[in-house]
Every structure is written in C-alpha cells, then in structure tokens.
Amino acid sequence: MILRVISTVITAIAAVSLLALMGLTFADVLGREFFNKPLTFSVELTKLAMGLIVCLAFGTTTFSSRHISVDLIQSFIPKSVFALLLRLSSLMLAVFFLVLAWGLFGKANQFSGDGLATQVLFLPIAPVVYCMSVACLAAAVIAGVMVVVGSTGYSEVEEQIQEAKAQDALNSDNDPV
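Quick caveat: nothing in here was measured; it's all calculated off a predicted structure.

Help me understand the overall build of the protein in this model?
The helix and strand tally for the protein stands at 5 helices and 0 strands. In the protein, the succession of α and β elements from N to C terminus is α-α-α-α-α. The C-alpha atoms of the protein give 22 Å as radius of gyration, which overshoots the globular expectation for 177 residues (16 Å, by more than 25%). Projected onto its principal axes, the C-alpha positions of the protein cover 70 × 40 × 30 Å. Within the protein, buried positions represent 25% of all 177 residues. Contacts in the protein between residues at least 24 apart in sequence constitute 75% of all its contacts with a sequence separation of at least 6. Within the structure as shown, the protein displays about 11,900 Å² of accessible surface, and the carbon and sulfur contribution to it stands at 71%.

If you want it as structure tokens, here you go:
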C-alpha cells in the first residue's frame, strides 16, 4: 500500500513537470513562430525538467514492473527459479538506484557549494539535483521492498491481458459449437 502511495506521488510530480514542460514548449514555439520572440530560457528549463522527469519515472516504472525485459528463459525454468531471478533483478535495481542517488546527492552538494546556476535565469541547479537524488532513493526503496516481498514480474497491463485470455478460453469452452 505504501509503495502505491509513493508511486502515485512520484507519478503526480512527474506529470505536473511534464505538463509544465509542454506549456513552456508551446509558449516558446508560439513566441518564435508568430512574434519572432522565442523564450530564451526555455532550453535550460527543459534540461532541468527532463532530468527530473526521468528520475521520477524510475520509481513508477519499478513499482509497476515495466522495465524493459526479455523473457527468453521464463518458459524453460521453474516458477520458483523465476521468482528468485525477479528478486535478484530487484536487488540489482535497488543497488543501482542507491548508487545513482548517492552520486546525484554528491553532485548536488558540489553544485550547491559552487553556487552553480542556469545561465539565463540564474536558477540554482542544486535543488533540482537534490530532487533527482530523492527520486532515485525512492526508486531504490521500492526495488528493495520488492526484493523482500517479491514480484510477479508482470505489469498490471500484462496481468489484465492474461486474465482476459483466460476468460476468453473459459468462454470458448462453454460455448457449444
């Protein structure tokens, strides 16, 4: 339950960031095409927003088991071995996201100490990188919980497809031909 809340909050923040980025791009294109006045700061805000959106997507993708995977051996191994492989992959994800969060936190500290800011608006970069670090830490927590709790390896969409196929098979067995 708590993972769903964390994932929902992360998704909401990413969605708002993406919406703001779309509005910024729309305004920039309108200004450039119709008034010959582009938004000079749009590139730097786009860079910051894209980095934040990507890091926020890590937690949502991990929670919903939607990372890219290839199931070459899934049909050849027992379910218990597959479950162990899922836990191992979740552990690797947790370690990866922890290392990424740690590296981003170090960079944010460096940026904060140096007073690094964007070139046009002079916005400090460190707060965005701190947020990216926290988002990666949240993804690491989600992956860590999945190591302990386990995962089916199927996303919600894949599970719904499996249920629909099973229902179709059941319906076709009940229909007289």
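Looking at this structure, how should I read the pattern of salt bridges?
In the structure shown here, the tally under the stated rule is 1 salt bridge. Between arginine 32 and aspartate 28 there is a salt bridge, with the nearest N and O atoms lying 3.3 Å from each other. Of this pair, arginine 32 and aspartate 28 both sit in helix α1 (residues 2-34), separated by 4 residues, roughly a single helical turn. You can call aspartate 28 buried: its relative accessible area is 8%.

Please explain unusual backbone geometry as it appears in this structure.
What you tend to see is this: most non-glycine residues have negative phi, and most peptide bonds are trans. Despite not being glycine, asparagine 36 shows a phi value in the positive range, around 55°. A relative accessible area of 64% places asparagine 36 in the exposed class. Even without a glycine there, the phi angle at phenylalanine 122 is positive, about 60°. With respect to the secondary-structure elements, phenylalanine 122 resides in the loop between α3 (79-114) and α4 (126-149).

Which parts of the structure should I look at to understand the nonpolar core?
Soluble, globular proteins show a tendency: their nonpolar side chains are buried together. The biggest cluster of nonpolar side chains holds 18 residues, and the ones touching the most others in it are Cys55, Leu56, Leu104, Val129 and Met132. At the level of elements, α1, α2 (42-63), α3 and α4 are the ones that each hand at least two residues to this core. Per-element accounting of this core gives the leading share, 7 residues, to α4.

What is the right way to look at α4 in this model?
Think of an α-helix as 3.6 residues a turn; residues three or four steps apart then line up on the same face. An ideal rise of 1.5 Å per residue puts 34 Å on 24 residues; α4 measures up with 34 Å between its terminal C-alpha atoms. Where α4 ends, the next residue or the one after it, glycine 150, has phi of about 95°, a positive value.

Quick question: what am I supposed to make of the side chain of serine 7 here?
As for its placement among the helices and strands, serine 7 is situated in helix α1. Those residues in contact with serine 7 that sit more than four places away from it in its chain are Thr60 and Phe63.

Would you take a moment to explain a nonpolar patch on the surface for this structure?
Residues Val70, Leu72, Ile73, Phe76, Val81, Leu85, Leu88, Leu91, Met92, Val95 and Val99 make up a contiguous nonpolar surface patch of about 1,100 Å² in total accessible area. Here leucine 85 is to be found in helix α3.

I'm lost on the packing of aromatic side chains in this one. Help?
Aromatic ring pairs are defined here through the distance separating the ring centres and the angle between the ring planes. Counted by the stated rule, this structure contains 3 aromatic pairs. Ring pairs connect the aromatic residues Phe58, Phe96 and Phe97, which therefore count as one cluster.

Honestly, the environment of threonine 46 in this entry has me stumped. Any pointers?
Counting through the fold element by element, threonine 46 comes out in helix α2. Here the alpha-carbon distance between threonine 46 and leucine 24, two residues 22 residues apart in the chain, equals 8.2 Å. One polar contact links the side chain of threonine 46 to the main-chain carbonyl oxygen of serine 42, over a distance of 2.7 Å.

For this particular structure, what's the right way to read the state of the cysteines?
Should the sulfur atoms of two cysteines be covalently bonded, the bond is a disulfide. Evaluation of the coordinates by the stated rule reveals 0 disulfides. Left without a disulfide partner, cysteine 131 is nearest to the cysteine sulfur of cysteine 55, which lies 10 Å away. Among the residues examined, cysteine 131 registers a relative accessible area of 43% and is labelled partly exposed. With no disulfide of its own, cysteine 136 has cysteine 55 as its nearest cysteine by sulfur position, at a separation of 3.9 Å.

About the criteria used
- Residues numbered from 1 in each chain as written.
- Predicted model: local features only at pLDDT ≥ 70, side-chain atom pairs only at ≥ 80, totals over all residues.
- Heavy atoms only, no water.
- Helix = DSSP H or I, 4+ residues; strand = E, 2+ residues; numbered from the N terminus.
- Rg over C-alpha atoms; globule rule 2.2 N^0.38 Å.
- Buried < 20%, exposed > 50% of the residue type's maximum accessible area, 1.4 Å probe, protein only.
- Contact = heavy atoms within 4.5 Å.
- Areas by Shrake-Rupley, 256 points an atom, 1.4 Å probe, with all protein chains shown as cover.
- Salt bridge = Lys/Arg side-chain N within 4 Å of Asp/Glu carboxyl O.
- Core = buried A, V, L, I, M, F, W, Y, C linked by side-chain atoms within 4.5 Å.
- Expected span 1.5 Å × (residues − 1).
- Patch = residues over 30% accessible without salt bridge, like charges linked within 9 Å, V, L, I, M, F, W, Y side chains within 5 Å.
- Phe/Tyr/Trp six-rings, centres within 6.5 Å; stacked < 30°, edge-to-face > 60°.
- Polar contact = N/O pair within 3.5 Å; in protein donor to acceptor, adjacent residues only side chain to side chain.
- Disulfide = S-S within 2.5 Å.

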